[in-house]
Amino acid sequence: MNNNEVIKHVRGESQFIDDLKLPHDILYGTVLTSEIPHGKIEKIDLGNALSIKGVVQIIDHHDIPGENQIGAIIRDEELLSEGIVKFAGEPILLILSESLDSGREALKEIKVDISPIPAITDPRESFRAGNLIVPPRTFDYGDTDSAWEKCEIVAEGRVESGGQEHFYMETQASLAYPVEKDSVKVLSSTQSPTAVQKTVSGILGIPMNRVEVDVRRLGGGFGGKEDQATPWAAMAALGAYITKRPVKIVLSRSDDIRNTGKRHPFSSDFKIGLDSSGKIIAYEATFYQNCGAYADLSTAILERALFHATNSYYIPNVRVTGISCYTNLPPFTAFRGFGGPQAMFVIESAISKAATEINMSARKIQEMNLLKEGDVFPYGMVTENCNISATWKKLEEKFQVEETYKKIGEFNRKNDHIKKGAAVMPVSFGISFTNKMLNQAGALVHIYTDGSVSVSTGAVEMGQGVNKKMINVAAETLSIPSSRVRVETTNTTRVANTSPTAASSGADLNGMATRSACIGLVKRLRSVAAKSMGVDIDQIKFESGKVFNTGNGQSIMWEELIGKAYAERVSLTSQAYYATPDIYFDKTKERGKPFAYHVFGTALIEAELDVLRGVYKFNRVSIVHDTGKSLDQQTDLGQIEGGFIQGLGWVTVEELLFEEGGKIITGGSSTYKVPDIKFIPDEINVEMMQDLKNPYAVLGSKAVGEPPFMYGIGGYLAVRECLFAAKPDVQLKYDCPLTPEKITISLM
Amino acid sequence: MKINFILNNEELKIDIDPQFPTLRFLREEKGLTSVKTGCGEGECGACTVILGSLDNGVLNYKNVASCILPAGELNGKHLVTLEGINGPELSPVQKAFVDEGAIQCGFCTPGFIMSITGFLLSDRDITMENILNSIDGNICRCTGYYSIKRAAEKILKIVGTGIDNKDRISSLAGLSAIPDYFTEIPERLKGLTGSPDMDSESTAKENTLYIGGGTDLLVSGSGKPNPDVRFISDIKNISDIFEDNNFIHVGAGSTVEDIIDSEILNKYFPGISDFMYLISSQIIRNTATLGGNIVNASPIGDLSVLFLVLDPVLEIKSGDGIREVLFKEFFKDYKVMDLEPGELILKIKIPVYPGKRFFNFEKVSRRKYLDIASCNSASCFYLEGDVIKKCDLSAGGVAPVPLYMKESSAWLTGKEVSKEIMNKVIEIVMDEISPISDVRGSSDYKRELLRRLIKAHFIKLNGWLK
């Protein structure tokens, strides 16, 4: 097991950008942002800012040599505002100073006069005003209009889900160096080195080959550094390019919370129809996506929400519509699940509502409608290796679901002050970037003459363990100990045109490329070995750092073989490329096969409510998760547990609040609370189903990053059950997070 | 301010603004980057360090948040960062984290290692519960904490069984949990030219800035430079808790952990320790003081609300003399107190009356632990049979000040405990409060919540009476 990385972490020796030793001429970038959510900049008065000792330069949009544009999908966002600000926290000026303190002092000196324009924070209001990023999209399957007649029960309702701050422990950070006169090198805490490279190139007006982006590691990402790392890196690069001095920008926690995008809040309507047995006949939903001030990745996120609108269920008649609405809030962005959680929360709410009306348990309805092999998703993809029922059944067997419910019923009959509740949450999550183009990756593998191996890919390590997985793939393919393999930084000059490390696909795509590069090397080395041993190449076998002649059992060490290959002038470097095959999507018809495969799993969450105080806790969670043949079990377990807790946080304690006018209320770590060690359920059981091998990812594995997040929704549903036990006629909106305040008000 | 202290294995004499955050000193001036900047307000634990001090010749270590630790507090102490823990091999704490995969992005990891190591160095019993308490202020956004719990179990197994509580430092050094140089620290600290203990008699000036733990003062960065900064921890006897003539004396410099540890307070007010865990995390509990929480005057201040019902008297040093103020009359208006510049609260004196005593504290916040309450409330009853001889009720988050509920408390006196008086007093409580809507909740919610918390007092009281 390769422990180098974690050993550095426990010794505090791993370096994040803010930890790097700085050159003597370093400048610190401080960003002045708008205090007003929507307005026109009338006047900027620098006051005495430039005469403060240490302040070197103050940059505005006029100083940008290239194009003042950072929008990745839709080009609607300026790096530094040119006159209209659309959210509180929008960058206007970049102050460069020789110390952090003088930059902050300068900030206080500068007065920006902004005349306010009415701000909109509600996506439905934006919709009514026609303030959309793109026209609404609808996935239509079956014949919904005529299906309602066939339904015994039709339930309708409205669902709200709140935003979520990423709260990656390392805030946004970048450090840019001028390289000679015409180039820059940027170290950035980004999930998208290529996006940074491309944007910097545009901002500076220089070709991409003069911008090198390097990423060692991130102190957490969760989607929050997919697109939102770019502006800070671009500003550092801009400062470095203009002043010819290195520039560092690291956001304070409160600036990070205030100025950067988060998970999209959704406001949704649903209509669901069932027959008397509980079979879902029809489902309709409309998602009003609160996109914030700029498009960012919103349209892609909305698309995934549409893909996951029916979660794990087969429904013959479906119509789901998604509407991307601009508002005057920070540009909402990628966050683990990428729209999937928001959409799944809506269908689970719909089932919950229907269950109440049909007087049947939600669990029965869920189970009855689970996807089966060969069922079709509303976007036309046919399920293949559909394991959702397998995980459901395993959960029932292994964790006594039926009995748990029975015990809870008994408990509730005997207790008034505490009420218990449980919910089962199935998850089916599609793997691949929904933008087909992004499903490509490259790897560059060197074997040095001492036999040690260097792997570079487009994947960024942010704690999800992709480096460890790459090491395992390379070590297994080359049949050498993993201690011989090192994963390098992610660098745009070694592996170019990379896709972001996102969509849970980092290990899938880059692992395939790494494996392919290693196979290329093995092929060459096999010839060298065969020649050297004087046997046929079929008789050569690689195993545990040795190369065997299977004919006579004789072997030579890996290192010796590498020496021979070098002497024979055989290339010890291999580059490889991978593109996911057979995926496509036709947006004009909203039909296709956008995913290589799906990840499945089911969770049981048990909660209890303190009826008097309106507070709750979670007693136990049991998860059966389809991991495929895990590339690293400890890593996958960490992803399942960590993802689940983040999802649970989203529906419970993490409340992102904005004033009516658009300013953030929960703008610091004392007001925005993420789960702590005492919040988590007392007990967790995770069962990885490894026997369900996957032909569509590297070495039979499956992606694992995002799907477990959505088990957290079960936490919301479980607390809801507690509430119903406390007050059967409780009126509670489908609105997450479910705070003690909402509970208490509903119990009044 | 000139200070003299030991940083890891090195003695330092430096001149520094006493209010400068220790975190910035460590990172910017000493290049010790294991100490991470996570939030800058003591909420995440990424910057956790260990602070050792000699109290009456005994060396005590505790884990603290360096981002809100004023540099002046380092004087005469031993400050430890992870660089000062690392040995040639991994410590058992480090090894447990590696083995259990309790690390993902690694940014929070040094803070966790420091909190647990600091706890092992303290005098607390090594139990699972205490290990988890020691990291309750360390946030990890990646793992969901389960792997960290598994690592904690492993540490408990290895260190918990191998330790000699009589000489923890040597014993931990023997287990490679800390380097050997720790054993010489007590002697080395004695040789430092730290400031002599300040006498509480020394007169303050108008502009004297007394700093308790600094846990609130430094949240907004270091304060305005002040020529006369004094540290509460340098004042003799100001953290003493003792019993004398029907009074419990609680020094204003007592930290939240001192309150947890106090046998006297726990004897008279059972459960007080449990409430302390709701209030703050270990890295804050270790430095935050009672006096500091009182003079912060936050309308939701947990300690103020809790101590209000103990009906104490504040002993305030004023010029060369001492004056006393009833705590229930101390708060005048939002952030307005009966305290003049240069005055210092020395202690709070809690009267002990004869008879059966019931004491309770309630708090509801979005996150149960270490979050600011939407509303909190405390109650203290003295009873004869079911008759209330004396009653004190308080609440936070429902008025411009931590509210002593005078009318309600007076009305209850002399009544027999019943459902009827509970319902009646809730009506009186509702007339006494004036909550506003804010980030902690709407005013309607706070009213309803307080109604429920008063009920909770009575339900617990009833259970206790039975």
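Residues numbered from 1 in each chain as written. Chains lettered and ligands numbered in written order. Predicted model: local features only at pLDDT ≥ 70, side-chain atom pairs only at ≥ 80, totals over all residues. Heavy atoms only, no water.

Draft legend 1. Representation of unusual backbone geometry. All names here are of chain A. Cis rather than trans, the peptide bond between Cys-736 and Pro-737 has omega equal to 5°. Within the secondary structure layout, Pro-737 lies in the loop between strand 30 (734-736) and helix 18 (740-747). Here Phe-338, not a glycine, exhibits a phi torsion of approximately 50°, which is positive. When you line up the elements, Phe-338 lands in the loop between strand 15 (317-326) and helix 9 (340-358). On the basis of relative accessible area, Phe-338 is assigned to the buried category, the value being 13%. (Helix = DSSP H or I, 4+ residues; strand = E, 2+ residues; numbered from the N terminus. Buried < 20%, exposed > 50% of the residue type's maximum accessible area, 1.4 Å probe, protein only.)

Draft legend 2. Representation of the interface of chain A and chain B within the structure. At the junction of the two partners, chain A supplies 70 residues and chain B supplies 71 residues. For the pair chain A and chain B, the summed buried area comes to about 5,800 Å², and 58% of that belongs to carbon and sulfur atoms. Inspection of the chain A/chain B interface yields 11 salt bridges. Two residues, B:Glu43 and A:Lys673, come together in a salt bridge whose shortest N-O distance is 2.6 Å. Summed over the shared surface of chain A and chain B, the result is 33 residue pairs in polar contact (both at pLDDT 80 or more). In terms of residue count, the dominant contributor to the side of chain A that touches chain B is helix 16 (residues 633-651) of chain A (8 residues). In terms of residue class, the side of chain A that touches chain B is made up of 29 nonpolar, 23 polar and 18 charged. (Contact = heavy atoms within 4.5 Å. Buried area = accessible area lost by both parts, 1.4 Å probe. Salt bridge = Lys/Arg side-chain N within 4 Å of Asp/Glu carboxyl O. Polar contact = N/O pair within 3.5 Å; in protein donor to acceptor, adjacent residues only side chain to side chain. Nonpolar A, V, L, I, M, F, W, Y, C, P; charged D, E, K, R; others polar.)

Draft legend 3. Representation of the pairing of strand 22 (residues 546-549) of chain A in the model. Residue and element names in this part refer to chain A. Of the two faces of strand 22, the one lined by Val-547 and Asn-549 is fully buried and the one lined by Lys-546 and Phe-548 carries no buried residue. As paired strands, strand 21 (residues 540-543) and strand 22 are joined by 4 bridges and run antiparallel to one another. When the bridges of strand 22 are listed, Lys-541 appears paired with Phe-548. The loop that links strand 21 with its antiparallel partner strand 22 comprises 2 residues; one of these, Ser-544, has a positive phi angle of about 45°. With 3 bridges joining them, strand 22 and strand 23 (residues 555-557) adopt antiparallel strand pairing. (Pairing = 2+ DSSP bridges.)

Draft legend 4. Up close: the packing of helix 9 of chain A against helix 17 (residues 713-726) of chain A. Residue and element names in this part refer to chain A. It is the contact of helix 9 with helix 17, at a shortest axis distance of 10 Å, that shows an interaxial angle of 25°. Of the possible angle classes, the one that applies to helix 9 and helix 17 is roughly parallel. Here helix 9 runs over helix 17; the crossing is right-handed. Contact residues: Pro-341, Met-344, Phe-345, Glu-348, Ser-352 and Thr-356 in helix 9; Ile-713, Tyr-716, Leu-717, Arg-720 and Phe-724 in helix 17. Partitioning the contact of helix 9 with helix 17 into residue classes produces 7 nonpolar, 2 polar and 2 charged. (Axes fitted to C-alpha atoms, helices over the stretch in contact; angles between N-to-C directions. Parallel < 35°, antiparallel > 145°, perpendicular 65-115°, else oblique. Left-handed = near helix turned anticlockwise from the far one by under 90°.)

Draft legend 5. Quick look at the nonpolar core. Within the largest apolar cluster, 170 residues are counted, with the highest numbers of intra-cluster contacts made by A:Tyr283, A:Phe287 and B:Phe97. Looking at which element gives the most residues to this core, the answer is helix 9 of chain A, with 10 residues. Residues contacting B:Phe97, with those up to four places away along its chain left out, are A:Val10, B:Ala102, B:Ile103, B:Thr109, B:Phe112, B:Ile113, B:Ile116, B:Ile148, B:Ala151 and B:Ile155. Within the second largest apolar cluster, 101 residues are counted, among which are B:Ala65, B:Leu310, B:Phe331 and B:Phe458. (Core = buried A, V, L, I, M, F, W, Y, C linked by side-chain atoms within 4.5 Å.)

Draft legend 6. Region of the structure containing the domain arrangement of chain A. Residues and elements named next belong to chain A. Considered domain by domain, chain A is made up of domain 1 (23-118 + 166-259), domain 2 (266-434 + 587-747) and domain 3 (440-579). Domain 2 and domain 3 are separated by 39 Å when their C-alpha centres are compared. The largest per-residue losses of area from domain 2 upon contact with domain 3 belong to Phe-433, Val-698 and Leu-699, which jointly make up 39% of the total buried on that side. Put simply, domain 2 and domain 3 have 2 salt bridges between them. (Domains from an automatic or database assignment.)

Draft legend 7. Representation of the confidence of the model for chain B in the model. The predicted model of chain B averages 94 in pLDDT, with 97% of residues at 70 or higher. The complex model carries a pTM of 0.97, and its ipTM stands at 0.97. (pLDDT = per-residue confidence, 0-100.)

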